[in-house]
Amino acid sequence: MSDSNTADAEASNVKPTNFIRNIIDNDLESGKRTNVQTRFPPEPNGFLHIGHAKSICINFGIAKDYNGECNLRFDDTNPAKEEAAYAEAIANDVEWLGFKWAGEIKHSADYFDRLFDYAVELIEKGVAYVCELSMEEMRDYRGTLTEPGKNSPYRDRAVAENLDLFNRMKAGEFEDGSIALRAKIDMSSPNINLRDPVIYRIKKAHHIRTGDKWCIYPTYDFTHGISDAIEGITHSLCTLEFEDHRPLYDWFLENITIDCHPQQIEFSRLNLEHTITSKRKLNLLVNEGVVDGWDDPRMPTISGMRRRGYSAAAIRDFIGRTGVTKKVHTVEMSLLENSVREDLGENAGRAMAVLNPLKVTLVNYPDDKVESIQAPIHPQKESMGKREIFFSKTILIDQADFRESANKKYKRLVLGKAVRLRNAYVITCDEIVRDGQGNIVELLCTVDLNTLGKNPEGYKPKGVIHWVSESHSKPATVRLYDRLFNVANPAAEENFLDCVNPECLVEVVDARVELSLGEAKPEQVFQFEREGYFCADRYQHSADNLVFNRTVTLRDSWAKIEAKS
RNA sequence: UGGGAUGUCGCCAAGCGGUAAGGCAACGGGUUUUGAUCCCGUCAUGCGCAGGUUCAAAUCCUGCCAUCCCAGCCA
């Protein structure tokens, strides 16, 4: 169980195959490469989400399978957006997901000195220049998708002047946005990224790693490929939107003096139905108070899913099932739920919890008698052992498990009929007790004492329902989570906040759970039989305040039958 | 509209010139002290469309069509 949370423990009898692995296989076979080195390069400007999980699984997974290593590198080139707290949360999430990065955590900022030197090299070679166009002017000069841009009036400055200006930029002589260092490539390129992209800009901001040492910062395009090369990355795997940047990635590495040229390969992002993965929108959910934070169990963040009760193994399994291609796709939620159920079905201990209690008095059972029953923690896995449950005269069942009358399809308790109490006896309902308003407040039943562990003689109970003994149960808060959005593609909505599912969280405060659940530890997972999978809340659950989050329901074919009629 | 990419079952996805894997979903049926699990079975004469090459095409060629990405001193 302890190693089920590391990707190393994964049974690798089924070898994943995808176009990236095919490229690597060919590179190794042809001798183009002799090793495999990858990296996961998040920007510390938010929490990691399910989309990042895909990138993590691909990068760390490939490194592991090819006996290589994967670096964790914070792409921290924009101090205006980055925070140390995010960096810390990201590292925790990667670790929790079960992956180990090579050596120390890396930072693009670790290479700022070398990056500066490479910029100087470009200037000296005459392929970079300091440009004084304002941002608006630069936009005008850039042209459009269909029209070429035109050269900046500062494009042909002398090398010495560029060097002087660049050093003065570094010295803090200019204001943010007033001046920038640009690569001299081709203002008429049909690829807009090649129209003299900015490689250094002024940002008088405090950096989480370098403090106030710098007031100029390299841009992503200039930084990323060079950082990869410095680290000896062989295959730089990223998402589709960087495809147009690949010529730039290659241009920098061809124009500086460096002996490593990683290959950038792009794959499509993971899109999941009923969820959103835009950091901006996720941030809005947090700031608008729609959810209680980045790690709210409804969030598609790694920490949110963790708190929801999804295991790292289930998330890894899900990612593996979605595949790696260049096709823009959107995966159905049922695929994720399948992975989660498969993992929890195997590993979660069983327990009984009554969400909406209805009192049942067993009229023929002795008033003060209490029976101890050894119930299996997992009916299909005896090795998981037993738990002790208690049976007594007054028990609680779920309100949904009783009907005064019903057709033969209803396999629960009905007035005058019998039903099996899970792990215990068969009971028959004799009478309904109502309050002044006519609400059912109690059931009077007869228990067949000859049915513990064996079938009753002469009749067949209609089904099996769960229960707890009233005086041998504990109160608990149970949070029923459902999908956050009620449309498949919230990102396509005019205002995605309008389609937040009003029932994404239903909190049950008066549930009753079996005694053994009083010993649940935070993050421990259970199957509440006939209800679903739940986990003790990572932060709010304690021995005297039981709080369980519903991870996912059990598959429910009854709901389909019911919906049909 | 310039450039870059992508189109195989409802959703993913193998396939790489020799006659359409697999998973999820769905739908039947069996087992069952969880309407769960498990087990069996059904589910593309068809690979965006139209031509062409070939004994043979999802795979090669040509032309269309659709969708996604790019005009931050964001990543």
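For the structure, see preceding data.
In short, a report on the structure.

Thresholds, definitions, all that
- Residues numbered from 1 in each chain as written.
- Chains lettered and ligands numbered in written order.
- Predicted model: local features only at pLDDT ≥ 70, side-chain atom pairs only at ≥ 80, totals over all residues.
- Heavy atoms only, no water.
- Near = heavy atom within 4 Å.
- Polar contact = N/O pair within 3.5 Å; in protein donor to acceptor, adjacent residues only side chain to side chain.
- Helix = DSSP H or I, 4+ residues; strand = E, 2+ residues; numbered from the N terminus.
- Buried < 20%, exposed > 50% of the residue type's maximum accessible area, 1.4 Å probe, protein only.
- Pairing = 2+ DSSP bridges.
- Right-handed = clockwise from strand over helix to strand, strands pointing away.
- Axes fitted to C-alpha atoms, helices over the stretch in contact; angles between N-to-C directions.
- Parallel < 35°, antiparallel > 145°, perpendicular 65-115°, else oblique.
- Left-handed = near helix turned anticlockwise from the far one by under 90°.
- Contact = heavy atoms within 4.5 Å.
- Nonpolar A, V, L, I, M, F, W, Y, C, P; charged D, E, K, R; others polar.

In the region of RNA strand B, 69 residues are neighbours, and Lys327, Arg350, Arg422, Gln527 and Arg555 sit closest. Backbone atoms, meaning sugar plus phosphate, form 65% of the atoms of RNA strand B positioned within 4 Å of the protein. A distance of 2.6 Å separates a phosphate oxygen of RNA strand B from a polar atom in the side chain of Thr77. In this structure, Trp558 approaches RNA strand B through a main-chain N or O atom, which is 3.1 Å from a sugar or linking oxygen. Contributing elements (two or more residues each) for the surface near RNA strand B: helix H5 (135-142), strand E6 (198-202), helix H11 (312-322), helix H12 (333-347) and helix H13 (557-564).

Our next topic: the pairing of strand E9 (residues 263-267). Judged by how many residues are buried, E9 sits mostly within the fold: 4 of 5 residues are covered. In the sheet, strand E8 (residues 235-239) pairs with E9 via 5 bridges, with the strands oriented parallel. Bridge pairing in E9 links Ser236 to Gln264. Following the backbone out of E8, through helix H8 (residues 246-255) and into the adjacent parallel E9, one traces a crossover that is right-handed.

Now for the packing of helix H4 (residues 112-124) against helix H6 (residues 159-170). At their nearest, the axes of H4 and H6 sit 9 Å apart, and the two run at 155° to each other. Overall, the two elements H4 and H6 adopt an arrangement that is roughly antiparallel. Crossing angle aside, the handedness with which H4 passes H6 is right-handed. Seen from H4, the contacting residues are Phe116, Ala119, Val120, Ile123 and Glu124; seen from H6, they are Val159, Asn162, Leu163, Phe166, Asn167 and Lys170. For the contact of H4 with H6, the per-class residue count stands at 7 nonpolar, 2 polar and 2 charged.

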